[in-house]
Each structure stands twice: as C-alpha cells, then as structure tokens.
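Reading the structure
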Amino acid sequence: MLKRIPDYDLSPRNTFRMKAKCTLYIEYDSVKDLEELDFDALPRPLLSIGEGSNLLFTRDFPGTVLCSKIAYLKFFDLGLDEVPVAAGAGVKFDDLCARMCAEGLWGLENLSLIPGTAGAAAVQNIGAYGVEFKDIASGVSCFDIEKRCKCSFKVEECAYGYRDSFFKRPENKERYIITGVLLRLSRKAAPRLDYGALRSFFPEGDPVSPQEVRDAVIRTRREKLPDPLEIGSAGSFFKNPVVPKEHYEAIVAAEGVTVPHYDLPDGSVKIPAAWMIDRLGFKGRRLGGAAVHEKQPLVLINVTGDAPAADILALEKEICDAVEQRFGIRLHPEVEHL
Ligand SMILES: Cc1cc2nc3c(=O)[nH]c(=O)nc-3n(C[C@H](O)[C@H](O)[C@H](O)COP(=O)(O)OP(=O)(O)OC[C@H]3O[C@@H](n4cnc5c(N)ncnc54)[C@H](O)[C@@H]3O)c2cc1C
C-alpha cells in the first residue's frame, strides 16, 4: 500500500539524526505500488532510501523520498549445496543474516549487524570482515522509472567495486529502484575467518557454524561501533584510500613506524583511514555537536543528538585537511552527502 506524506520530517529516517524535511515522502510495499505511482507528478529530484544509515542530510531535500517496505523472504532448499535466497529490498539486512545463520546457511555471517536494508546493500556493495555483498549475490530486481517496468540485473552487470555499484552512477540513481535481491548461500561449511579479530575466536581446524561466526562478529562490532539506536552516526565516514606502492613507502619512511595496509592485486596499497585519523590524535575530538568516535576514529558521531550538519561538515573538513597535509592523501567520504 502506498503511504504519502507531504512536508515530511526525515530525522527518524536517518541514523545520523539530521533534521531535514523532504517535499514529499512515499512508502510502498510492493512492485504493484510502484507501477501505480504517477512518477511524472512527483516533486523532483527523487531519492530512494532504506534506513538512512549511509546518508548525511545537509539541508532539506527539495523532492520526493521513496522508502521501500517490500518485505518478502524466500529460500529454496532443494537439497543441493547451493541455496538460492530471495529477499525484498525493504527487509532489514541483519534480519536476513539472523534468519539464514539460524537455518545453518553460509554466506551472510560476516556481514552481521550492518544496519540498513537488503536493497541498499545491493547499492552499497556493503562489506565487513573480508566479505562483500557481491560475493554472495547472484542478481538484483529493480523497477525502471524511465520505462515504468520491472527489470533485473545479474551480479556481473552491477559493476561492483569497493562500496560502489552501477546503481550509484548519477544517471542510474533516479532511474532504478531496487525491489529485491537474489543471493546464493551454501549448505557447505565455508567460514571466512582470516580478517580482523575473527580468527582469535576460533582455534584453527575446529568445526564452526554460521551462527557461531555471526555471534563473534556481533560481539566484535558491539565492542567498537556505536549502536545507531543510542548514538547518531552513519558508520564509517571515510573510505579507505588506495595509493601507489611508492606513496605508501614514503609514508612508512616519514612516520618511522609500521603502517597497517593491504596489498592489492594491481600492486597498489590500501591504507586504513582510521589509522591516519588516529595517528593525528583525532580520537574523541569534538567540534560543536559532532565528534570523532572514541573507539573507532573512522566514525563521526552526532554526540549531542541535535548536531547541525554544519558541525559534521566542519569536522570532516578539519580531518581531511589534516590527513592531506601530513600524509599527502585526500580522504573521500563513504557517507552520501545530500
Ligand atoms: C553503526 C553503523 C555501522 C555500519 N557498518 C557498516 C559496515 O560494516 N559495512 C558497510 O558496508 N556499511 C556499514 N554501514 C553503512 C550502512 O549501514 C550501509 O551503507 C547500508 O547498506 C545502508 O543501508 P540503508 O538501508 O540505511 O540505506 P540508505 O542509507 O537509506 O541508502 C544508501 C544508498 O542506497 C540507496 N538506496 C537505498 N535503498 C534503495 C532502493 N530500494 N533502490 C535504490 N537505491 C536505494 C540510497 O539512495 C543511497 O544511495 C554502517 C552504518 C552504521 C550507522
């Protein structure tokens, strides 16, 4: 059923808790709703949202916000190793993880507790603990606003990269609404434990279940990330930069310490932005109502609960300028600014 609310307050719809209004807010719970919607009559621009956990509203949104509540969840266990799973775009991604881990299916456990919806996971190519959405996805179902019809994309067609996809391209943002995702999960044990702190939970060689990995991921995340229900944030604010090997070596020489990094297959090097921000002493830094999280410096928080976007933007600029001056790298936000 379609729900329309004009002049809508978006603060409960974004985890940063920014105060912003949109001209029109629409909730829908089926593809049929989208087929019936008169898109020509809607205030533009259009913005699809899920739980608003990767968004920073810097001002009122002068158009229509479309929020998916499409909530089906089906899985087809045919007794084979591979189990296809279909979920509506409005399903909470962590509910999907919880349900599939409880079924003993492998694939989603490392992505546990990431806020947001299944639809947005396909836009963002969400990732954690060495796994990305693209690794377990087989396809994405959409509604094409331009042609007013359903369409679908195979995972190979989605141009997935680091927190990036075909759906993030400016020409596609107002064209495709994601209505569902298709995943390929597995009955066969496939734990991926070689990333971050996960290995310490499981001695090498011991059998482990998807639920146990999920529990370990949840414990680790709860220790260092703010709970969006308690404190406003949009998770990692900056992307981890990728630099040529020589640039990384110059940083190591200048800093005179071990610099954490990941060597990429093309010879370039990814450096954790959190390490650079921490090295500059930003942990806990406060600017008005904004702050750098005490435990995870990649996360900026709305510490007072009513911080204006200007405070977040000022802190962002301060960090970007300082990192550029010291390391010669300009950080780019992972959080989408609107
Ligand atoms: C505490 C915290 C921890 C986090 N940890 C992680 C993490 O470990 N890994 C990670 O990758 N991310 C993480 N995030 C970021 C965030 O959870 C993800 O980006 C998530 O996928 C956003 O989902 P959402 O439903 O809130 O999307 P929104 O923020 O509402 O939207 C995100 C993007 O998707 C688009 N979009 C949303 N729904 C649709 C749709 N149906 N059709 C078309 N476009 C759509 C929006 O236009 C926007 O571009 C974290 C965030 C928080 C607050």
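Please refer to the structure higher up on the page.
The paragraphs below set out a description of the structure included in this document. (Residues numbered from 1 in each chain as written. Predicted model: local features only at pLDDT ≥ 70, side-chain atom pairs only at ≥ 80, totals over all residues. Heavy atoms only, no water.)

Before going further, it helps to spend a moment on the sheet that holds strand 19 (residues 299-302). Backbone-to-backbone hydrogen bonds pair the strands of a sheet. The strands run either parallel or antiparallel. The four strands lie next to each other as 13-19-18-17, forming an open sheet whose pairing is antiparallel. The sheet terminates laterally at strand 13 (232-236) and strand 17 (286-287), the two strands that pair on one side only. Sheet topology note: the strand 13/strand 19 ladder contains three bridges and is antiparallel. Its bridge partner being in strand 19, Gly232 is matched across the sheet by Asn302. Contacts from helix 9 (residues 309-327) reach strand 17, strand 18 (290-292) and strand 19, with the element oriented near 35° to strand 18. (Pairing = 2+ DSSP bridges. Helix = DSSP H or I, 4+ residues; strand = E, 2+ residues; numbered from the N terminus. Contact = heavy atoms within 4.5 Å. Axes fitted to C-alpha atoms, helices over the stretch in contact; angles between N-to-C directions.)

Moving on, we get to the nonpolar core. Phe57, Phe238, Ile271, Ile319 and Leu331 are the most contacted members of the largest nonpolar core, which totals 47 residues. For this core, the secondary-structure elements that each account for two or more residues are strand 2 (21-28), strand 3 (46-49), strand 4 (55-56), strand 5 (61-68), helix 7 (245-255), helix 8 (273-279), strand 18 and helix 9. Per element, the largest residue contribution to this core is eight residues, and it comes from helix 9. Per-domain counts for this core show at least three residues from each of domain 1 (3-68) and domain 3 (232-337). Setting aside anything within four residues of it in sequence, one finds Leu331 in contact with Phe238, Lys239, Pro241, Ala273, Met276, Ile277, Ile319, Cys320 and Val323. One finds Ala89, Ala122, Cys142 and Ala216 within the second-largest nonpolar core, a separate group that totals 45 residues. (Core = buried A, V, L, I, M, F, W, Y, C linked by side-chain atoms within 4.5 Å. Buried < 20%, exposed > 50% of the residue type's maximum accessible area, 1.4 Å probe, protein only. Domains from an automatic or database assignment.)

Let's shift gears to the sheet that holds strand 14 (residues 242-243). Taken in spatial order, the three strands line up as 14-16-15 in an open sheet, and their pairing is antiparallel. The sheet is open, and its two edges are formed by strand 14 and strand 15 (262-263), each paired on a single side. Sheet topology note: the strand 14/strand 16 (residues 269-270) ladder contains two bridges and is antiparallel. Paired with Val243 across the bridge in strand 16 is Val269.

Below, the discussion takes up the site of the ligand. Close contacts around the ligand come from 32 residues, with Ser48, Ser53, Thr117, Lys173 and Glu336 the closest. Between Gln124 and the ligand, the recorded distance is 3.3 Å, taken from a side-chain N or O atom to an oxygen atom. The side chain of Arg221 places a nitrogen or oxygen atom 2.9 Å from an oxygen atom of the ligand. Burial of the ligand by the surrounding chains reaches 96%, relative to a free accessible area of 980 Å². Of all the elements in the fold, those that place two or more residues in the shell around the ligand are strand 3, helix 3 (118-124), strand 8 (127-128), strand 12 (176-186) and strand 13. Take the shell around the ligand: its biggest share by element is four residues, from helix 3. Its residues placed into classes, the shell around the ligand shows 15 nonpolar, 12 polar and five charged. (Near = heavy atom within 4 Å. Polar contact = N/O pair within 3.5 Å; in protein donor to acceptor, adjacent residues only side chain to side chain. Areas by Shrake-Rupley, 256 points an atom, 1.4 Å probe, with all protein chains shown as cover. Nonpolar A, V, L, I, M, F, W, Y, C, P; charged D, E, K, R; others polar.)

We now examine the environment of Asp164. On the secondary structure map, Asp164 appears in the loop between strand 11 (149-154) and helix 5 (170-173). With a relative accessible area of 35%, Asp164 lands in the partly exposed category. C-alpha of Asp164 to C-alpha of Ile126: the two residues are 38 residues apart in sequence and 8.7 Å apart in space. Filtering out sequence-adjacent residues up to four positions away, Asp164 remains in contact with Val123, Gln124, Asn125 and Ala159.

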